[in-house]
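# Results of the structural survey
Each chain, written out:
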Number of protein chains: 2
Amino acid sequence: MKLHEAATTPNCRRVRIFLAEKGIEVPVVPVDVGKAENRQDAFREKNPMGRVPVLELDDGTFIAESVAICRYFEQLQPEPALMGGGDPVKAARIEMWQRRMELEITVPIMQVFRNTHPYFADRIQQYPDYGESQRSHATKRLEWLDHELAGREFVAGDEYSIADITAQIGIDFGRVTKFRVTEETPNLLRWHQAVSARPSAKA
Amino acid sequence: MKLHEAATTPNCRRVRIFLAEKGIEVPVVPVDVGKAENRQDAFREKNPMGRVPVLELDDGTFIAESVAICRYFEQLQPEPALMGGGDPVKAARIEMWQRRMELEITVPIMQVFRNTHPYFADRIQQYPDYGESQRSHATKRLEWLDHELAGREFVAGDEYSIADITAQIGIDFGRVTKFRVTEETPNLLRWHQAVSARPSAKA
């Protein structure tokens, strides 16, 4: 088994944190996204979307999509449960929060980067107005998340889960487009300091 | 248990098709999204995101996010497995394809609607150029999906899964913004006719 990935991308970090929390080590094959190695034919045979991370199993099966890779390891090694294990309500609640974090915070923050950051200026067609609208959207959702975190320790409840990881990788990636967690959102700040202090945050 | 939902929205249809395939009946509470009932305070107590569908359990727990609702029923009643059941590779493969269908096809098609359709003109700030870019993106991905479907019966493999449902609801919702499945993509057409012929398609 090996993990094709790039150190700098948030989706790869999601898998690294997830594996660190599970205590699983997987050999890594670095992919040079700066040189667009992921867009070349050899890589597209692993993932036609041309994106990292991709997990390669020993029988040659490729699993792309960071959350799908996490799902694989959750089923392979259920403990510690990060996606709810066998409890239907817990699994659904974590999936609800994982999706809220992804669709309302992490994806909008990535859209700010794609549509406004100079890194992508020569790489893709950017839509700066749309990018700025996503900044506003993510900012409002972070304020809402702060409000939610007043009542509990972690995003999906009293236990740490993949929903925390998804929020963490999005918020941290937001640094390059000037998202900051400050004392204006004290509950979010407390949560962010807590997840950042976990050993997995360095993964 | 009851399902708060609206007949016209694709995410509600995803849950209805999923339940029909499972043979599960859940009492429905209609939400009038045309009159923005979902944006009012009473509804936001069920889902602060102001979106349908929302599943209400008998103990008062609310589960929002269509895929999270599907996950709940998959664990509650595993057969027929639509999300891979207990097989780690199968569950991961289906989640990979479910996400590809959602993030590459269904979400872009919804973005075309949000950003270009007159329905939203007075409701939200639209970004028509971005919307058109998403039309182009979804169109290319549908061509790629056609290519993929040359080699197998369903989106994630030889068995029907939630990945088919997610593609189906996105593509069918695309009718209002002039997406059509034609003989130019013969494998996609064959697949679309097959899923449309299933009794669940009427759900």
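Residues numbered from 1 in each chain as written. Chains lettered and ligands numbered in written order. Predicted model: local features only at pLDDT ≥ 70, side-chain atom pairs only at ≥ 80, totals over all residues. Heavy atoms only, no water.

Across its full length, chain A carries seven helices and four strands. Expected size for 203 residues packed as a compact globule is a radius of gyration near 17 Å; at 17 Å, chain A falls within 12% of this value. In terms of overall dimensions, chain A has a C-alpha envelope of 45 × 45 × 25 Å along the principal axes. Within chain A, the fraction of its 203 residues that count as buried is 55%. Long-range pairs, those at least 24 residues apart, make up 64% of the contacts in chain A with a sequence separation of at least 6. A total accessible area of about 9100 Å² is found for chain A, and carbon and sulfur atoms account for 50% of it. Put simply, chain A has 27 plus and 30 minus side-chain charges, and the middle of one group is 3 Å from the middle of the other. (Helix = DSSP H or I, 4+ residues; strand = E, 2+ residues; numbered from the N terminus. Rg over C-alpha atoms; globule rule 2.2 N^0.38 Å. Buried < 20%, exposed > 50% of the residue type's maximum accessible area, 1.4 Å probe, protein only. Contact = heavy atoms within 4.5 Å. Areas by Shrake-Rupley, 256 points an atom, 1.4 Å probe, with all protein chains shown as cover. Lys, Arg positive; Asp, Glu negative; His and termini not counted. Charge placed at Lys NZ, Arg CZ, Asp CG, Glu CD.)

Now for the relation of the copies chain A and chain B. Expressed as a screw operation, the relation of chain A to chain B combines 0.0 Å of axial shift with a rotation of 180 degrees, fitting to an RMSD of 0.0 Å. Such a turn and shift between the copies fits a two-fold axis. Nearest to the rotation axis, the C-alpha of Y130(A) is located 3.5 Å from it, this being the minimum over chain A. When the interface residues of chain A are mapped onto chain B, 100% of them again lie at the interface, so the same face is used by both copies. (Least-squares fit on C-alpha atoms with pLDDT ≥ 70 in both.)

Contact residues are listed per partner, giving 40 residues for chain A and 40 residues for chain B. Note on chain A versus chain B: buried area summed over both sides is about 3400 Å², and carbon and sulfur give 60% of it. At the junction of chain A with chain B, the criterion picks out eight salt bridges. One can count 12 residue pairs in polar contact (both at pLDDT 80 or more) joining chain A with chain B. Sorting the residues of the side of chain A that touches chain B by element identifies β4 (62–64), α3 (66–76), α4 (88–116) and α5 (128–148) of chain A as the ones contributing at least two each. (Buried area = accessible area lost by both parts, 1.4 Å probe. Salt bridge = Lys/Arg side-chain N within 4 Å of Asp/Glu carboxyl O. Polar contact = N/O pair within 3.5 Å; in protein donor to acceptor, adjacent residues only side chain to side chain.)

Within the fold, A64(A) resides in strand β4. Separated by 33 residues in the primary sequence, A64(A) and V31(A) have C-alpha atoms spaced 14 Å apart. If we ignore the near neighbours within four places in the chain, the residues touching A64(A) are N47(A), P53(A), V54(A), I69(A), M96(B) and R100(B).

Moving on, we get to the side chain of N115(A). Inspection of the secondary structure assignment puts N115(A) in helix α4. Not counting residues up to four positions away in its chain, the partners in contact with N115(A) are Q125(A), Q126(A), Y127(A), P128(A), Y130(A) and G131(A).

Residues and elements named next belong to chain B. Where helix α1 (residues 10–22) contacts helix α6 (residues 162–173), the two axes come as close as 9 Å, and the packing angle between them is 140 degrees. Here α1 lies oblique to α6, going by the angle between them. The interaxial crossing formed by α1 with α6 has right-handed handedness. Of α6, the residues touching α1 (which contributes P10, N11, R13, R14, I17 and F18) are I162, I165, T166, Q168, I169, D172 and F173. Class assignment for the residues of the contact of α1 with α6 results in seven nonpolar, three polar and three charged. (Axes fitted to C-alpha atoms, helices over the stretch in contact; angles between N-to-C directions. Parallel < 35°, antiparallel > 145°, perpendicular 65-115°, else oblique. Left-handed = near helix turned anticlockwise from the far one by under 90°. Nonpolar A, V, L, I, M, F, W, Y, C, P; charged D, E, K, R; others polar.)

Looking now at the sheet that holds strand β3 (residues 54–56) of chain B. All names here are of chain B. One open sheet accounts for four strands, arranged β2-β1-β3-β4; its pairing is mixed. In the strand order of this sheet, the two ends are held by β2 (28–30) and β4 (62–64), each with one partner. Within the sheet, the average angular offset between the axes of one strand and its neighbour, ignoring direction, is 25 degrees. The pairing of β3 with β4 spans three bridges and is antiparallel. The residue of β4 that forms the bridge with V54 is A64. (Pairing = 2+ DSSP bridges.)

By themselves, these observations are geometric and do not establish any function.
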